[in-house]
Amino acid sequence: MVLRLTENADHIVHIPKVLYYWRMHSNSVSLDLGSKSYAVDAAIRAVTAQLERKGEKGTVESNLPFQTIYKIRYEIKGRPKVSVVLHNSTNIGEIRKCIEKIVEKTLYRPLEILYLGEEKISIDNGADIEIKNISIKNIGNMSRGNVWNCMIGEAEGDYIVLNDVQSVPVNREWLEEMLMLGQKEDVCAVGPKILYKDQTIAYAGGALWKKEKSKLKMIGSHDTISDIGYEAILCHVRNTTFTLAANMMFSKKTWAEAGGFKESGSGYEDIEFCLSGLNRGKNNVWTCFSTILFKGEKIFSVESEEKVKNFEEKYEKNFLEEKYYHPNWEIMGLI
């Protein structure tokens, strides 16, 4: 019933209050799912039926060991080329290591990898992988948004992964898991689970939050790779306010519709790209099934308080409409 209602609703609002209580007794599914195992089968049938109604191809399964958290494996349409755009370094040694790791840990093909530099990198990259170097004059006078736009303009892929040289894949299916979501018409950008070297979570979705110094709340940032999060929030795909340039996927079509990344040097170019998508009625998505290791010290930082203030003032409306961070999570110290 809920799936059918949401398909036809023009606007859905989350009310951050306790509106529902569940009784618990010895024969209740709240204590023992085994007492009503048919409920899991019925839920899988319901989600499958929704896919059929919407004309989307995919299979539905439980995300074990959680029987009542479901994963949809969407069918990837065709076999589009994906361009991985490496940024934030011109050090040829760093870039080579990153490329080698991407080639080793990526199952998806065809793949294009672009990097900044005059020197060409040649590695045993196998079939359907092209490695391309991009040379940009006067790069020292350009904002990072401008650099990203120049590089993306040279990319041949239908889909772009903007990837910091400090970011490397952990699981070999990372790209497929993002692409199956990024190909959806209502999606602006997709972000993976990002870990620090000590296996703590750097990013598992994000929200605008004025109490944070950067005005950005990184969800799950006090958890580790072994945690499931409050109500298993780290174990299912969900919408989020923004993704990060450390690793984010979007279609080249979406990038063009947005007019590319802003070139003002705000320090929030990746966030602004995602907010632009939200303001045009698209969704940004986080997936737990794609995992990236970030070898740097901090996943996001802003150069000055002035830039933080400018960002906050410019996107005041988005701050007021923030819906992906529950106020009670902070009060209870949950996330």
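What comes next is a walk through the structure. It should be emphasised that the depicted structure is a prediction, and the values quoted were computed from it without experimental measurement. Each chain has its residues counted from 1, running along the sequence as written. pLDDT decides what is reported in this predicted model: residues at 70 or higher carry local features, side-chain atom pairs at 80 or more are listed and counted, and totals for whole chains, interfaces and linings draw on all residues regardless. Neither water nor hydrogens contribute to the side-chain values; these are computed over all heavy atoms in the structure.

## Remarks on the overall build of the chain
Definition in use: Put simply, DSSP marks the helices as runs of H or I at least four residues long and the strands as runs of E at least two long, and each gets a number from the N terminus on. Exposed residues in this analysis have more than 50% of their type's maximum accessible area, buried residues have under 20%, and partly exposed residues fall in between, with area computed by a 1.4 Å probe over protein chains only. In what follows, a contact means two residues having at least one pair of non-hydrogen atoms within 4.5 Å. Only the protein chains shown count as cover for residues, and all accessible areas are computed by the Shrake-Rupley method using a 1.4 Å probe. Only four residue types enter the tally: Lys and Arg on the positive side, Asp and Glu on the negative side; His and the chain ends are excluded. Every charge is mapped to an atom, namely NZ of Lys, CZ of Arg, CG of Asp or CD of Glu.
Secondary structure summary: the chain contains 10 helices and 14 strands in total. Expressed along its principal axes, the backbone C-alpha trace of the chain runs to roughly 70 × 50 × 40 Å. Expressed as a percentage of the 335 residues in the chain, the buried residues total 48%. Partitioning the intrachain contacts of the chain with sequence separation of at least 6 by distance along the chain shows that 72% fall at a separation of at least 24. A total of about 17400 Å² of accessible surface is found on the chain, and carbon and sulfur atoms cover 50% of it. If you average the places of the 44 positive and of the 46 negative side-chain charges in the chain, the two averages end up 3 Å apart.

## Some words on the packing of aromatic side chains
The line we're drawing: Here a pair means two rings of Phe, Tyr or Trp (six-membered ring of Trp) with centres within 6.5 Å. Their orientation is stacked below 30 degrees between planes, edge-to-face above 60, and tilted elsewhere.
Taken as a whole and assessed by the stated rule, the structure comprises 12 aromatic pairs. The interplanar angle of 75° and the centroid separation of 4.6 Å between the aromatic rings of Trp209 and Tyr325 together place this pair among those described as edge-to-face. Note that Trp209 is positioned in the loop between β10 (206-208) and β11 (216-218) and Tyr325 in the loop between α9 (316-320) and α10 (327-332), a separation of 116 residues in sequence. You'll find Trp209 and Tyr325 in the same group, each marked buried.

## Some remarks on a nonpolar patch on the surface
Convention followed: In this analysis, a patch consists of residues with relative accessible area above 30% that form no salt bridge, clustered at 9 Å for like charges and at 5 Å for the nonpolar side chains Val, Leu, Ile, Met, Phe, Trp and Tyr. Within this document, salt bridges are pairs made up of a side-chain nitrogen of Lys or Arg and a carboxyl oxygen of Asp or Glu, the two lying within 4 Å of each other.
Side chains of Val13, Ile15, Leu19, Tyr20 and Trp22 sit close together on the surface and give an oily, nonpolar patch of about 630 Å² of accessible area. Residue placement: Ile15 occurs in the loop between α1 (2-8) and α2 (38-54). Among the residues examined, Ile15 registers a relative accessible area of 47% and is labelled partly exposed.

Take it as geometry only, folks, not as evidence of what the structure does.
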